[in-house]
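# Residue-level structure breakdown
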Amino acid sequence: MNRIKQRFEVLKQQGRKALIPYVVLGDPAADVTLPVMHALVENGADILELGVPFSDPTAEGPVIQKAHERALAHGSSLRDALTLVKQFRETNATTPVILMGYANPIERLGYQHFIELALDAGIDGVLTVDLPPEEAGEFNQQLGEAGMENIFLLAPTSSDKRQKMVAEMAGGFIYYVSLKGVTGAGNLDVVSVKQHVDHIRTLTDLPVCVGFGIKDGASARAVADLSDGVVVGSVLVSKMAELAARGETSPQTFSKAVSSLVAEMRDALDN
Amino acid sequence: MNKKASIDFNQMPDAHGHFGPYGGRFVSETLIYALDELESIYRSLKDDPEFQAQFDYDLAHYVGRPSPLYFAERWTRETGGAKLFLKREDLNHTGAHKINNTIGQALLAKHTGKQRVIAETGAGQHGVATATVAARLGLECHVFMGEEDIQRQSLNVYRMKLLGATVVPVTSGSRTLKDAMNEALRDWVTNVDDTFYIIGTCAGPHPYPELVRNFQSVIGREARQQSLAQTGKLPDALVACVGGGSNAIGLFHPFLADESVAMYGVEAGGFGLGTGKHAAPLNDGIPGVLHGNRTYLMEDENGQIIETHSISAGLDYPGVGPEHSWLKDIGRVKYVAIDDDEAMDAFRHLTRIEGIMPALESSHAIAYAEKLARQMDPDQTIVVNLSGRGDKDILTVAEIDGITL
Ligand SMILES: Cc1ncc(COP(=O)(O)O)c(C=O)c1O
């Protein structure tokens, strides 16, 4: 069974919520990401979302954009992401890993070739920001045949028709984007999140996780109470940026910093 | 049988914005709603006689259309070969073809009731055209412009400010048009409730390539009538520069079904196609996904979009409108490249022998048309789209001449 499904089943049995941190591959340096991934898991991450750097990340706010730029500055690529996850799997066979990125690097490899490499690396799912259901047909089918989950976004502005379309195609979980705009923006409207998540639940049995705008334990908890889990990105990435700006290079320093942030959220989710 | 003859060019794109394998809507879910809204407004107004009448009225009385089709007699004589006609988009209000499209999109914006418009700009011509229509309609206007372009197009930056627009410098990526478009998309998704995004070329997610083409097609419709009136026949060839491709598709589209009319889209060859430092994805790129559509792109082996180079800011873009990608593949239009030096020579030449100073973008079309004319007969005609005037480029040219103004 796919690791994502497995993980949600376990969480359900335990009555716990999924904590899904996001970091960008190669940010700020190639040797940082692997130790950071392990540290995230040790401190309570259930699923890891690994951002694949792209030259034109149009859906990202300034914080994650800059992370992409830092990673690209030393040439991080989709191939590196595949290699990295393979290394991660040498010592972790159970934590699901999702690649989050943009279509063009995947298309450059070719869907089929990418899927072969991703399976071999031990990747469980992908979230391709700029492949909405209308454009995802072929890729979705190929991912499905390979047993990989295709994760889709839903937004507060998604029409009913689109929510149904996404519910039909999606695998893994539904990623509900809690606000309009780019990553890292604005404040969370809990009432609106509840309405939307409740509605999505009427359309699908997949878990619904919420991302965008989750800053700390309190906001993570507030959102998790309404859903099956939270995705946390910009807070972690901006912490890494802060350290990088200070000239930190030790992978351990980065791991420690994200560990404490994630541990706080884990604690808020569980207690 | 001829395959091309059976294509109904007016039926493109399909319902999802596809031109063959190109185009479409490759955007984050968060943007879909805005695009759906735009599409439904456009569909409801597209064939509305009142909307069309308003558009035509503005083009006539505000832009100054029809733009002349001018027989460049001396240029023709000195070149030797086919007769060279210039479609004078440089004579439009604000100095380029860009205003045709901004008039159209501003009318759409007005129907939505949104009080704020945004735009991306490279050369600044589209920014100026957007700031202009915003001033006229009393709309708040933010124009995103790469820092590098702000440097090389400072005259247009100041024009936009005089028109009341806010010019937002873009410092990410290569700091040119592509990054300005990224920023505009980000702004739009954040402020979609009160903001209308006026895209400046026939690229971006569906329905932009279609609606920009339709607004710009006035160029080709006029050129068709004018050619028939002045020469008694259709032109033998059309030539236009291609950045995103809006002036080119505007000229080409009404002629696509006329098999006798050859078409040439001229991309920016920069330092030369062989150097890799250019902006000619149709000549030297591969299909990929950027800015909401699938099209030919300049990218590296990892699928990262690479920095382009052209002396003209308006052509300095790593992608191209998806319809051009399709027209290339089906062989209807031939895409060629002209490098920086050839474009500069054409700029100087046309200025000296016709008293017409072309924009550096348009100078690419001028340079290619001259080459083409020499291979054609004197009884044949070429229509060249003079997409804009060169006033905005004076500082760039002076700098090349080593002169500080
Ligand atoms: C005068 C002029 N011509 C051409 C272009 C290129 O745009 P397009 O290819 O969309 O016509 C520009 C863009 O700024 C321009 O200002």
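Here the structure is a predicted model, which means the values were calculated and not measured. (Residues numbered from 1 in each chain as written. Chains lettered and ligands numbered in written order. Predicted model: local features only at pLDDT ≥ 70, side-chain atom pairs only at ≥ 80, totals over all residues. Heavy atoms only, no water.)

Attention now goes to the layout of surface pockets. Residues and elements named next belong to chain B. The space that makes up the largest pocket amounts to roughly 470 Å³. Elements represented by at least two residues in the lining of the largest pocket include exactly α1 (29-46), α2 (49-63) and α9 (208-216). Element by element, the count of residues in the lining of the largest pocket is highest for α9, at 4 residues. Of the pockets and cavities examined, the second largest pocket occupies roughly 350 Å³. (1 Å grid on protein atoms, 1.4 Å probe; cavity = no way out; pocket = protein on both sides within 12 Å on 5 of 7 lines; lining within 4 Å. Points joined across faces, edges and corners; volume = space filled by probe spheres on them. Helix = DSSP H or I, 4+ residues; strand = E, 2+ residues; numbered from the N terminus.)

Turning our eyes to something else, we now look at the interface of chain B and chain A. Contact residues are listed per partner, giving 38 residues for chain B and 36 residues for chain A. In total, about 2,900 Å² of surface goes out of reach between chain B and chain A, with carbon and sulfur atoms giving 49% of it. Three residues stand out in chain B for area buried against chain A, namely Glu29(B), Arg186(B) and Gln304(B), and they jointly supply 25% of the buried area on that side. Connecting chain B to chain A are 4 salt bridges. A salt bridge links Glu107(A) to Arg294(B); the nearest nitrogen and oxygen atoms lie 2.4 Å apart. Elements supplying a minimum of two residues to the side of chain B that touches chain A: β2 (22-26), α1, α8 (177-190), β11 (286-290) and β12 (292-297) of chain B. (Contact = heavy atoms within 4.5 Å. Buried area = accessible area lost by both parts, 1.4 Å probe. Salt bridge = Lys/Arg side-chain N within 4 Å of Asp/Glu carboxyl O.)

Another point: the packing of α1(B) against α9(B). All names here are of chain B. Closest axis-to-axis distance for the α1/α9 pair is 11 Å, and the angle between their directions is 35°. For the element pair α1 and α9, the recorded crossing hand is left-handed. Across the interface between the two elements, Leu35, Leu38, Tyr42, Arg43 and Lys46 from α1 touch Tyr208, Glu210, Leu211, Asn214 and Phe215 from α9. In terms of residue class, the contact of α1 with α9 is built from 6 nonpolar, 1 polar and 3 charged. (Axes fitted to C-alpha atoms, helices over the stretch in contact; angles between N-to-C directions. Left-handed = near helix turned anticlockwise from the far one by under 90°. Nonpolar A, V, L, I, M, F, W, Y, C, P; charged D, E, K, R; others polar.)

Let us look at the packing of α1(B) against helix α4 (residues 98-112) of chain B. Residues and elements named next belong to chain B. Packing of α1 against α4 leaves a shortest axis separation of 10 Å and a crossing angle of 105°. One finds that α1 runs roughly perpendicular with respect to α4. For the pair formed by α1 and α4, the contact residues are Leu38, Ile41, Tyr42 and Leu45 on the first element and Leu108, His111 and Thr112 on the second. A per-class count over the contact of α1 with α4 returns 5 nonpolar, 2 polar and no charged. (Parallel < 35°, antiparallel > 145°, perpendicular 65-115°, else oblique.)

On to the environment of Val129(A), then. Note that Val129(A) resides in the loop between β4 (125-128) and α7 (133-146). Along the primary structure Val129(A) and Met100(A) are separated by 29 residues, whereas in three dimensions their C-alpha atoms are 7.2 Å apart. Each residue touching Val129(A), except ones within four places of it in the same chain, is listed here: Ala59(A), Met100(A), Gly101(A), Tyr102(A), Leu153(A), Val27(B), Ser28(B) and Glu29(B).

Another point: the sheet that holds β2(B). Residues and elements named next belong to chain B. Across the sheet, which stays open at both edges, the 4 strands sit in the order β1-β2-β12-β11 with antiparallel pairing between neighbours. Bordering the open sheet on either side are β1 (18-19) and β11, each of which pairs with just one other strand. With 5 bridges joining them, β11 and β12 adopt antiparallel strand pairing. Paired with Gly288 across the bridge in β12 is Thr295. (Pairing = 2+ DSSP bridges.)

Time to look at α1(B). With 18 residues, α1(B) extends 26 Å from end C-alpha to end C-alpha; this agrees with the ideal 26 Å at 1.5 Å per step. For α1(B), the complete set of buried residues consists of Glu29(B), Thr30(B), Leu31(B), Ile32(B), Ala34(B), Leu35(B), Leu38(B), Glu39(B), Ile41(B), Tyr42(B) and Leu45(B). (Expected span 1.5 Å × (residues − 1). Buried < 20%, exposed > 50% of the residue type's maximum accessible area, 1.4 Å probe, protein only.)

With 117 residues, the main nonpolar core has Phe173(A), Tyr175(A), Leu108(B), Trp188(B), Tyr197(B), Leu251(B) and Leu327(B) as its most contacted residues. Tallying contributions element by element places α1(B) first for this core, with 8 residues. Both domain 1 (13-58 + 98-212) and domain 2 (66-95 + 217-400) of chain B contribute no fewer than three residues apiece to this core. With residues up to four places along the chain from it excluded, the contact list for Leu251(B) reads Ile219(B), Gly220(B), Ala223(B), Leu238(B), Val239(B), Ala240(B), Val383(B) and Asn385(B). Val32(A), Leu84(A), Ala103(A) and Met240(A) belong to the second-largest nonpolar core, a separate cluster that totals 65 residues. (Core = buried A, V, L, I, M, F, W, Y, C linked by side-chain atoms within 4.5 Å. Domains from an automatic or database assignment.)

A few words now on the site of the ligand. Residue and element names in this part refer to chain B. Close to the ligand lie 18 residues, the nearest being Thr201, Gly243, Gly245, Ser246 and Ser387. Gly244 is positioned with one of its backbone polar atoms (N or O) 3.2 Å from an oxygen atom of the ligand. In isolation the ligand has 390 Å² of accessible area, and contact with the protein removes 98% of it. Each residue belonging to the shell around the ligand can be placed in one class, and the counts come to 5 nonpolar, 11 polar and 2 charged. (Near = heavy atom within 4 Å. Polar contact = N/O pair within 3.5 Å; in protein donor to acceptor, adjacent residues only side chain to side chain. Areas by Shrake-Rupley, 256 points an atom, 1.4 Å probe, with all protein chains shown as cover.)

Here we take up the packing of aromatic side chains. All names here are of chain B. Within this structure, the stated rule accounts for 15 aromatic pairs over all chains. Aromatic rings pair up to connect Tyr42, Phe51, Phe55 and Phe215 into one cluster. The ring of Tyr70 has Arg88 sitting right over it, with the charged end atom 5.9 Å from the ring centre. Over the aromatic face of Tyr296 sits the side chain of Lys328, whose NZ or CZ is 5.3 Å from the ring centroid. (Phe/Tyr/Trp six-rings, centres within 6.5 Å; stacked < 30°, edge-to-face > 60°. Lys NZ or Arg CZ within 6 Å of the ring centre and 35° of its normal.)

Glancing now at the domain arrangement of chain B. Residue and element names in this part refer to chain B. Per the domain assignment, the segments of chain B are domain 1 (13-58 + 98-212) and domain 2 (66-95 + 217-400). One C-alpha centre belongs to domain 1, the other to domain 2; they are set 22 Å apart. When the two sides are added together, the surface that domain 1 and domain 2 hide from each other amounts to roughly 3,200 Å², 60% of it contributed by carbon and sulfur. For the domain 1 face of the interface with domain 2, the top three residues by lost area are Tyr22, Phe26 and Arg152, together amounting to 22%. In this assembly, domain 1 and domain 2 are joined by 0 salt bridges.

Here we come to the sheet that holds strand β7 (residues 166-170) of chain B. Residue and element names in this part refer to chain B. Taken together, 4 strands build an open sheet; the order of strands is β7-β6-β5-β8 and the sheet is parallel. Because the sheet does not close on itself, it has two edges, and the strands there are β7 and β8 (195-197). Averaged over all pairs of adjacent strands, the angle between strand axes in this sheet comes to 25°, irrespective of strand direction. Sheet analysis places strand β6 (residues 140-146) next to β7, joined by 5 bridges and oriented parallel. Paired with Val143 across the bridge in β7 is Val167. Contacts from helix α5 (residues 125-137) reach β5 (116-121) and β6, with the element oriented near 165° to β5.

Residues and elements named next belong to chain B. The terminal C-alpha atoms of helix α10 (residues 218-231) lie 19 Å apart, and with 14 residues this matches the ideal 20 Å at 1.5 Å per residue to within 8%. Val218, Ile219, Gly220, Glu222, Ala223, Gln226 and Ser227 are the residues of α10 that are buried. Note on α10: the residue one or two positions beyond its end, Gly232, has a positive phi of about 75°.

This part takes up empty space enclosed by the protein. Per the stated rule, a full pass over the model turns up 8 cavities of 30 Å³ or more. Forming the boundary of the largest cavity are 28 residues, of which His97(B), Lys98(B), Gly314(B), Leu315(B) and Glu361(B) lie nearest the centre. Mapped onto the lining of the largest cavity, the elements with two or more residues apiece are β5, α5, α8 and α11 (246-252) of chain B. Both domains that furnish three or more residues to the lining of the largest cavity are identified here as domain 1 (13-58 + 98-212) and domain 2 (66-95 + 217-400) of chain B. Considered as a void within the structure, the second largest cavity measures approximately 170 Å³ in volume. Taken together, 18 residues line the second largest cavity, and the ones lying closest to its centre are Thr58(A), Ala59(A), Val27(B), Ser28(B) and Leu31(B). Among the elements of the structure, α1, α8 and β11 of chain B are those that each provide at least two residues to the lining of the second largest cavity. When its residues are assigned to classes, the lining of the second largest cavity shows 11 nonpolar, 5 polar and 2 charged. Domain assignment of the residues forming the lining of the second largest cavity places at least three in each of domain 1 (13-58 + 98-212) and domain 2 (66-95 + 217-400) of chain B.

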